[in-house]
Amino acid sequence: MNGQSQSFSRTLKHLFSSAAAADNTISVAKCESVLYHCANTKSVSSTKKIHAYAIRNGLLSSHHSTHFLSLLTAAYAVGGQAVFARQVFDRLPQRTLRSYKSMIRMYAENGSSREALRLFVEMLESGHSGPEKYTYPFVIRACGDLLMLELGTAVHGLALISGCGTDTFIGNSLLAMYMNCGDTERAKQVFEAMREPTIVSWNTMISGYLRNDKAAAALMMFHELVNSGVDADCATIVSVLPACGYLKDLDVGREVHLLVEEKGLGKKLSVWNALVDMYAKCGKMDEAQSVYDSMIDRDVVTWTTMINGYILNGDVNGALEMCRLMQFEGVRPNAVTLASLLAACASLPDLKLGKCFHGWAIRHNVESDVNVETALIDLYAKCNYISLSFQVLSKTSKKRTVPWNAILSGCILNERAREAIELFKQMLFEAKPNDATFKSLLPAYAMEADLQQAMNIHSYLIRAGFFLRTQIATGLVDIYSKAGSLESGHKVFNGIIEKNRDIVLWGAIVSGYAMHGHGNVALSLFYNMVMSGIKPNEVTFTSVLHGCSHAGLVDDGLTLFNFMKGSYPLCLRTDHYACMVDLLGRAGRLQEAHNLIKSMPFQPSHTVWGALLGACVIHENVELGEEAAKWVFELEPYNTGNYILLGNIYAAIGRWEDAEKIRCRMKNLQLLKSPAQSVLR
DNA sequence: CTAGGGTTAG
């Protein structure tokens, strides 16, 4: 106990002994000075005593009560007593700067950011000046927590006006806020304007870049930091290592590892855990293992990281071995461990193993964790046991969004579009949908291909304010295309500004026109896309080529194909050749089609030969038809359709015996088919 | 008094 708190407790004692003696001469001022100490020492029990004393002795009704109550508010707030603080605060005749400050701080600290900001705004509106430099960081953090970029920017301005612009703490808070809101550029500006960035500033930048999917920028920051002469600390290490892992940049990862050894930064377990994770993510399980072996202390995170590492590198047995060792060491798995094990079982998929881990989750009492529940729903859906997914769902709290998202995508996976749509309607009574919800749900509407339903979900999205996002717009374009309204799809497409149109959105509109036979529109949209600076990918090439072939645009198709060969040779896939063969073949240019196949830089697939065969049927070309058939019979021996196609060519030109022979061959194969297929499975 | 940091996660 230091001198100050000793004198405080003396004062408190004196106060109460005087009270016991019914000495009402104890002044409000005295109580106030005690309260001031209560706030400084975060002493809740003393605060309560003073509060009770004040009530008993009618101090609250005096004209001094504003000052007294605002001190009382502060004392409760500092002690984290939200309910008491609020009660006193609401009874204040006048809300003072002090009371606002302490309430804002309390709410920001206990996670009620919205409440904190409400009070902050009210404080400004009621004519108080801006907060002082110790309150700004709380307000700024609250803006960041709620992703309120506009308000955050306004607070930034206010801080500048009040002359707090150079404060390091406020600067660092601003960095974190902008990063949280996804505005990396503004964060960078603030960082560059800082006169003396501390290690915290650097770390905030590094981790912020990573959280905004800019791992390369995070690494650049790290290198700048190393060159600037500021010493890295533990937080730097655990911020930069995930970036190395994400980029699989083993060189930088090793550099960081060296730094840890040289500067003795390995005092915390989290640093070693991050190193293990980095090596695992870079695909170096042997090095991860050796870091792990060198560790004296290990916690559940270490084990989980190793287990994940083995899963990530496709070594399920290694992961299982780790589980056994972990159990042997007496370390209990947590929800994270089980969620990732279950996710691994889902991606295999391995129902039996998944059920074992479900059991393990129950034994370790984590089966009602949202992450675990979600992983279970996903697991059972991917194993085609969606009824079990529903069982898990029925036990969840339902107020969370993620399990619903999992069941929706599970329904899509099991081709239960109707059910997905029904579930979504139920979901709306319980939880708030987010972007991921629609990512899972929209394909259901595309499967239903019902224009009325398409319009329903579209109008819902607009009402709910979801219409801006590219990904969701893409889903809508796809739905409208499949439901047959290219016009509506195009309107949605036009609603996305050019800057926000990504390859997937372009792909959706192009394929929409292509699949409905509007090859010319598909083509011109495609060229618009290229002009707007979007690099086409295999998928867009396929759909636009498809469009050309469906619309009989032979020369356009050839031009496009040659453009591909010239500019995007690495994109060329077997599908593209199949489209071209189909295109040339339908136009009767069979020889050209055949030459194209022969020029292919890789083994032609059955689809390529199949396209030629199909064209040979239309144009009754036996010679090439037989050549194509020879290949498809080899590549796809159990597809009876191919035999029928060749038979049709023979029949068309009157070679009845050959047609009959092929028919027999097909029949014999059909007899073989069932046992053969069961072996193939 | 106030700022950054580890394992899941499509």
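Since we're looking at a predicted model, the values are computed, not measured.

(A) Spotlight on the environment of Phe438. Mapped onto the elements, Phe438 comes out in helix α26 (residues 435-448). Considered as a pair, Phe438 and Arg463 are 25 residues apart in the sequence and their alpha carbons are 14 Å apart. In contact with Phe438, not counting residues within four places along its chain, are Phe424, Pro433, Pro443, Ile457, Tyr460, Leu461, Phe466 and Ile472.

(B) Quick look at the packing of helix α22 (residues 370-382) against helix α23 (residues 386-395). Remark: α22 packs on α23, axes separated minimally by 7 Å, with the N-to-C direction vectors making an angle of 165 degrees. If you check the angle between α22 and α23, you find them roughly antiparallel. As α22 packs across α23, the resulting crossing turns out to be left-handed. Contacts between α22 and α23 pair Glu373, Leu376, Ile377, Tyr380 and Ala381 from the former with Ile386, Leu388, Ser389, Val392, Leu393 and Lys395 from the latter. Here the contact of α22 with α23 is composed, by residue class, of eight nonpolar, one polar and two charged.

(C) Structural context of the pattern of salt bridges. Tallied over the entire structure, the rule returns 29 salt bridges. When the shortest N-O distance is used, the salt bridge between Arg254 and Glu287 registers 2.6 Å. With a gap of 33 residues between them, Arg254 in helix α15 (residues 250-263) and Glu287 in helix α17 (residues 285-294) connect regions that are remote in the sequence. Look at Arg254 and you get partly exposed, because its relative accessible area is 35%. The closest approach of N and O atoms between Lys661 and Asp658, which form a salt bridge, is 3.8 Å. Placement of both Lys661 and Asp658 in helix α39 (residues 656-680) is noted, with a separation of three residues, approximately one turn of the helix. According to the relative accessible area criterion, Asp658 is buried, its value standing at 18%.

(D) Focus on empty space enclosed by the protein. Enumeration over the complete set of coordinates arrives at one cavity of 30 Å³ or more. In this structure, the largest cavity occupies an estimated 50 Å³ of space. Every residue along the wall of the largest cavity is listed here: Ile311, Val316, Ala319, Leu320, Leu341, Ala344, Cys345, Leu348, Leu353 and Phe357. Of all the elements in the fold, those that place two or more residues in the lining of the largest cavity are α19 (316-328), α20 (335-347) and α21 (351-363). Each residue belonging to the lining of the largest cavity can be placed in one class, and the counts come to ten nonpolar, no polar and no charged.

(E) How the structure looks around the layout of surface pockets. Looking at the largest pocket, its volume works out to about 450 Å³. Taken together, 24 residues make up the lining of the largest pocket; nearest its centre are Thr474, Gly475, Asp478, Val504 and Ala508. Taken together, the elements giving at least two residues each to the lining of the largest pocket come down to α26, α28 (470-482), α30 (503-515) and α32 (538-551).

Cut-offs and rules
- Residues numbered from 1 in each chain as written.
- Chains lettered and ligands numbered in written order.
- Predicted model: local features only at pLDDT ≥ 70, side-chain atom pairs only at ≥ 80, totals over all residues.
- Heavy atoms only, no water.
- Helix = DSSP H or I, 4+ residues; strand = E, 2+ residues; numbered from the N terminus.
- Contact = heavy atoms within 4.5 Å.
- Axes fitted to C-alpha atoms, helices over the stretch in contact; angles between N-to-C directions.
- Parallel < 35°, antiparallel > 145°, perpendicular 65-115°, else oblique.
- Left-handed = near helix turned anticlockwise from the far one by under 90°.
- Nonpolar A, V, L, I, M, F, W, Y, C, P; charged D, E, K, R; others polar.
- Salt bridge = Lys/Arg side-chain N within 4 Å of Asp/Glu carboxyl O.
- Buried < 20%, exposed > 50% of the residue type's maximum accessible area, 1.4 Å probe, protein only.
- 1 Å grid on protein atoms, 1.4 Å probe; cavity = no way out; pocket = protein on both sides within 12 Å on 5 of 7 lines; lining within 4 Å.
- Points joined across faces, edges and corners; volume = space filled by probe spheres on them.

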